[in-house]
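Observations on the three-dimensional arrangement
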Amino acid sequence: ADIFIIQITGNLMLAAGKEVKLMGGVKAENIFWQVAGNVSVMAGAHMKGILLVKTDVVFITGSTLNGRILAQTAAALQKA
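Not measured: the values here are computed from a predicted model.

What follows concerns the nonpolar core. In globular proteins that are soluble, nonpolar side chains generally tend to be buried together. Core analysis: the biggest nonpolar cluster contains 14 residues, and Trp33, Val39, Val41, Met47 and Leu51 have the highest contact counts within it. Counting residues per element, the ones that place at least two in this core are strand 2 (12–14), strand 3 (31–35), strand 4 (39–41), strand 5 (46–53) and strand 6 (56–59). Each residue touching Trp33, except ones within four places of it in the same chain, is listed here: Ile6, Ile8, Leu12, Val20, Met47, Lys48, Gly49, Ile50, Leu51 and Leu52.

What follows is the structure in structure tokens.
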């Protein structure tokens, strides 16, 4: 199985209603997002993979994650 490491020097925002699509048999546990800034996943968005985040992660109500969060500062999971 292939492993993907995606490095981002700034922030990562997954817009409302968008989703990360995995094709060709790729599994969420094989996607690593290394983010130097923060991560925001907006309402209705669907994130996949393992988040390795330097600062904080925020998931807005209605968003989902198929994976894990490892953040150095904070992880906020909002619920309405």
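Next, the rest of the story.
Sheet architecture is open: 4 strands sit in the order 2-4-6-8, paired in parallel fashion. Unpaired on one side and paired on the other, strand 2 and strand 8 (74–77) mark the two borders of the sheet. Strand after strand, the sheet turns through a mean of 5° between neighbouring axes, direction not considered. Sheet analysis places strand 2 next to strand 4, joined by 3 bridges and oriented parallel. Counterpart to Leu12 in the pairing with strand 4 is Val39.

About the thresholds
- Residues numbered from 1 in each chain as written.
- Predicted model: local features only at pLDDT ≥ 70, side-chain atom pairs only at ≥ 80, totals over all residues.
- Heavy atoms only, no water.
- Core = buried A, V, L, I, M, F, W, Y, C linked by side-chain atoms within 4.5 Å.
- Buried < 20%, exposed > 50% of the residue type's maximum accessible area, 1.4 Å probe, protein only.
- Helix = DSSP H or I, 4+ residues; strand = E, 2+ residues; numbered from the N terminus.
- Contact = heavy atoms within 4.5 Å.
- Pairing = 2+ DSSP bridges.
- Axes fitted to C-alpha atoms, helices over the stretch in contact; angles between N-to-C directions.

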